[in-house]
Amino acid sequence: QVTYRTPVPTGEVYFAETFDDGSLDRWQLSKTVKGDAEEEISKYDGKWAVEQLKENRVPGDQGLVLKSRAKHHAIAAMLAKPFVFKDEPLVVQYEVNFQDGIDCGGAYIKLLSDSSSLNLEQFQDRTPYTIMFGPDKCGEDYKLHFIFRHQNPLNKDWEEKHAKRPDVDLKKFYTDRKTHLYTLVLNPDSSYEMFIDQSSVSHGSLLHDVVPPVNPPKEIDDPSDSKPDDWDERAKIPDPEAAKPDDWDEDAPAKIEDPDAVKPEGWLDHEEDFTPDPNAEKPEDWDEEMDGEWEAPQIPNPACETAPGCGQWKRPMINNPEYKGKWKAPLVDNPNYQGVWKPRKISNPDYFEDLHPFRMSPFRALGLELWSMTSDIYFDNFIITSQKEVADRWASDSWGLKKLVASANEPGIVTQLMAAAEERPWLWVIYLLTVGLPVGLLVLFCWPKVPHSSPQLPTAPPQ
């Protein structure tokens, strides 16, 4: 029996949401349209609800559920105060459960950049964000996004930087229909780490492990440089002194008839491999004027079933021992080889160096802007803080109970084996060989043997 109490943060947080009161009062539904979508599907009219999990429920616990399929969804909530990237880490954590699996869709969040124009009623795909984090899937491509927007200090353009892919297979997190915990930790030294269910799945540096890199190269290829016409990149060339041998026949065929082949005895020269079916009859509705002259369908010739072959016998083809193909001069080192040409390097006029990419644009709201072909995606227990310990304790009081209930409801090993065998009957053979055979051998060789009694010889009466 699990006793659930709505978790309460044990330290300072910028945002915490459990949905346990059943309310969406602090959340704002978008009232705008998606910027690049066709008009008939551009509205953010996907439905949201606060509900319990379908399976492995924890009494009293509720979450935010994306209810519609093939629709755009957008909902957001303001933080208690903006998060400013200075000297404290950023920890973002929340739960996701793909209750009906997932065909194509995302469950990521966006941390919306702070500005005087931020309006949650107008939240859409083009609303500026600082960080995007969370799971996404389409087809067989399973992703865990971590994307941040970086501003070029020279031209002031914004560019998305994508973290490297996690080092683990993500498929099970999308298919097991369990609640999983996603955590992102960013540190002031520009290191980052991503966790699923409190286990690290990826880590790196904002300076070295994102694509495209934060800082451009110091030097670039000179766009005005071009390869000279006489530049020789051939490492090997045909030997100019080589000559085709006089006995080299380029016209000899690759295959010839086997001169030693002999027609098998019993070969039926006057029989064909297929013959008209003698039992076939012309259909009653066959119209020769419309359908043409009727012909019986062909069947394998019964006479050929026991014969080595039918029809005209031909010698089999074999490789021609005299075949050499087109003659080519052997390759030798090129005395004029100059290597692979490369343009000269010049200083990159767009070069800059940002050694502190952690200092991103402050953000003021958390939003979900999603499209999904599957409904009933469950979100719960959002928390944004600067202390990993606070997020861990929050997870222990929330996700930890869900994990405990799910584990308690897992079927035993015998039940799982029986269920698997019902779907794949051939597994019974494996079970029999794996369990039955060793048991049978054990009984055969270790069962105690009953000694045979020998007949008693009559004893002579005493003298």
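Just so you know, these numbers come straight off a predicted model, no measurement behind them.

Calculation notes
- Residues numbered from 1 in each chain as written.
- Predicted model: local features only at pLDDT ≥ 70, side-chain atom pairs only at ≥ 80, totals over all residues.
- Heavy atoms only, no water.
- Buried < 20%, exposed > 50% of the residue type's maximum accessible area, 1.4 Å probe, protein only.
- Helix = DSSP H or I, 4+ residues; strand = E, 2+ residues; numbered from the N terminus.
- Arc of directions from axis to C-beta.
- Contact = heavy atoms within 4.5 Å.
- Pairing = 2+ DSSP bridges.
- Polar contact = N/O pair within 3.5 Å; in protein donor to acceptor, adjacent residues only side chain to side chain.
- Phe/Tyr/Trp six-rings, centres within 6.5 Å; stacked < 30°, edge-to-face > 60°.
- Lys NZ or Arg CZ within 6 Å of the ring centre and 35° of its normal.
- Disulfide = S-S within 2.5 Å.
- Axes fitted to C-alpha atoms, helices over the stretch in contact; angles between N-to-C directions.
- Patch = residues over 30% accessible without salt bridge, like charges linked within 9 Å, V, L, I, M, F, W, Y side chains within 5 Å.
- Areas by Shrake-Rupley, 256 points an atom, 1.4 Å probe, with all protein chains shown as cover.
- Salt bridge = Lys/Arg side-chain N within 4 Å of Asp/Glu carboxyl O.
- Core = buried A, V, L, I, M, F, W, Y, C linked by side-chain atoms within 4.5 Å.

A.B. asks: Sorry, what's going on with helix H4 (residues 399-408) here?
C.D. replies: Helical geometry: 3.6 residues make up each α-helical turn, so side chains three or four residues apart lie on a common side. By the burial criterion, the buried members of H4 are Trp399, Leu401, Lys402, Val405 and Ala406. Around the axis of H4, the buried residues are gathered within 160° of arc, so they sit on the same side. Buried-residue contacts for H4 involve strand S6 (90-98), strand S12 (180-186), strand S25 (377-385) and helix H3 (388-397).

A.B. asks: Mind showing me how you'd approach the pairing of strand S11 (residues 158-163) here?
C.D. replies: On any regular strand, side chains alternate: one points to one face of the sheet, the next to the other face. In terms of strand pairing, strand S10 (residues 141-151) meets S11 through five bridges, oriented antiparallel. The partner of Gln151 across the bridge, within S11, is Trp158. In this antiparallel pair of consecutive strands, S10 and S11, the connection spans six residues, and Lys156 shows a positive phi of 70°. As paired elements, S11 and strand S15 (residues 210-211) share two bridges and run antiparallel to each other. When the bridges of S15 are listed, His162 appears paired with Val211.

A.B. asks: Sorry, what's going on with the side chain of Asp380 here?
C.D. replies: Residue placement: Asp380 occurs in strand S25. A distance of 3.1 Å separates the side chain of Asp380 from the side chain of Lys402, its partner in a polar contact.

A.B. asks: Looking at this structure, how should I read the packing of aromatic side chains?
C.D. replies: Per the stated rule, a full pass over the model turns up 17 aromatic pairs. Between the aromatic rings of Phe83 and Phe363, the centroid separation amounts to 5.5 Å while the plane-to-plane angle is 15°, which identifies the pairing as stacked. On the criterion of sequence distance, the pair formed by Phe83 in strand S5 (residues 71-83) and Phe363 in strand S24 (residues 363-372) is long-range, its members being 280 residues apart. With respect to burial, Phe83 and Phe363 carry one shared label: buried. Here Phe85 and Phe363 contribute two aromatic rings whose centre-to-centre distance is 5.9 Å and whose plane-to-plane angle is 55°, an arrangement assigned as tilted. Taken together, the residues Phe85 in the loop between S5 and S6 and Phe363 in strand S24 connect sequence positions 278 residues apart. Looking at Phe85, the relative accessible area reads 5%, which means it is buried. By relative accessible area, Phe363 is classed as buried at 0%. Between the NZ or CZ atom of Arg149 and the centre of the ring of Tyr129, over which it lies, the distance is 5.7 Å. In this structure, Lys388 is placed above the aromatic ring of Phe195, and the distance from its NZ or CZ to the ring centre is 4.5 Å.

A.B. asks: In this structure, what is going on with the state of the cysteines? I would like to understand it.
C.D. replies: Chemically, a disulfide is nothing more than a covalent bond linking the sulfur atoms of two cysteines. This structure, assessed with the given rule, holds two disulfides. What pairs with Cys104 in a disulfide is Cys138, and their sulfur atoms sit 2.1 Å apart. The sign of the -95° torsion about the S-S bond sets the Cys104-Cys138 disulfide as left-handed. With Cys104 in strand S7 (residues 104-106) and Cys138 in strand S9 (residues 129-138), this pair connects stretches of sequence that are 34 residues apart.

A.B. asks: Got a minute to help me understand the environment of Asn348 in this structure?
C.D. replies: Mapped onto the elements, Asn348 comes out in the loop between strand S23 (345-347) and S24. Taking relative accessible area as the criterion, Asn348 reaches 12% and is therefore assigned buried. When the C-alpha atoms of Asn348 and Lys244 are compared, they prove to be 53 Å apart, with 104 residues separating the residues in sequence. Non-local contacts of Asn348, meaning those with residues more than four positions away in its chain, are made with Pro216, Pro217, Lys218, Glu219 and Ile220. A polar side-chain atom of Asn348 sits 2.9 Å from the main-chain amide nitrogen of Asp350.

A.B. asks: Is there a simple way to explain the packing of H3 against H4 in this structure?
C.D. replies: Any two packed helices are characterised by the angle at which their axes cross and by the distance between the axes. For the pair H3 and H4, interaxial distance at closest approach is 3 Å and the crossing angle is 40°. Here Ala395, Ser396 and Asp397 of H3 lie close against H4, whose contacting residues are Trp399, Gly400 and Leu401.

A.B. asks: For this particular structure, what's the right way to read a nonpolar patch on the surface?
C.D. replies: The grouping of Leu437, Leu441, Leu444 and Phe445 at the surface amounts to a nonpolar patch, some 450 Å² of accessible area in total. Judged by its relative accessible area of 56%, Leu444 falls in the exposed class.

A.B. asks: I tried to follow the pattern of salt bridges on my own but got confused; where do I start?
C.D. replies: Close approach of charged atoms allows side chains of opposite charge to pair. This model, assessed by the stated rule, comprises 27 salt bridges. The closest approach of N and O atoms between Asp376 and Lys54, which form a salt bridge, is 2.8 Å. One end of the pair, Asp376, is in the loop between S24 and S25; the other, Lys54, is in the loop between strand S3 (48-51) and strand S4 (63-66), with 322 residues separating them in the sequence. Residue Glu95 pairs with Lys402 through a salt bridge whose shortest N-O separation is 2.8 Å. Here Lys402 lies in helix H4 and Glu95 lies in strand S6, a separation of 307 residues in the sequence. According to the relative accessible area criterion, Lys402 is buried, its value standing at 3%. One continuous salt-bridge network, built from bridges that share partners, spans Glu51, Lys54, Lys67, Asp100 and Asp376.

A.B. asks: Where do I start with the environment of Lys143 in this structure?
C.D. replies: Mapped onto the elements of the fold, Lys143 is located in strand S10. On the basis of relative accessible area, Lys143 is assigned to the partly exposed category, the value being 30%. Placed 114 residues apart in sequence, Lys143 and Leu29 show a C-alpha to C-alpha distance of 26 Å. Apart from residues lying up to four places away in sequence, Lys143 is in contact with Gly134, Pro135, Asp136, Arg165, Leu170 and Tyr174.

A.B. asks: Help me out: how do you make sense of H3 in this one?
C.D. replies: Within H3, burial applies to Val390, Ala391, Trp394 and Ala395. Seen end-on, H3 carries its buried residues on one side only, within an arc spanning 135°. Where H3 is buried, its residues meet strand S1 (13-17), S6, S12, S25 and H4.

A.B. asks: Looking at this model, I keep getting lost on the nonpolar core. Mind explaining?
C.D. replies: Nonpolar side chains in soluble globular proteins tend to be buried together. Formed by 64 residues in total, the largest nonpolar core has its most connected members in Ile131, Leu368 and Phe379. For this core, the leading source of residues is S5, giving six residues. If sequence neighbours within four positions are ignored, Ile131 has contacts with Phe85, Leu90, Ile109, Lys110, Leu111, Phe146, Ile147, Phe148, Leu184, Leu186 and Met360. Membership of the second largest hydrophobic core comes to seven residues, among which are Phe195, Val390, Ala391 and Trp394.

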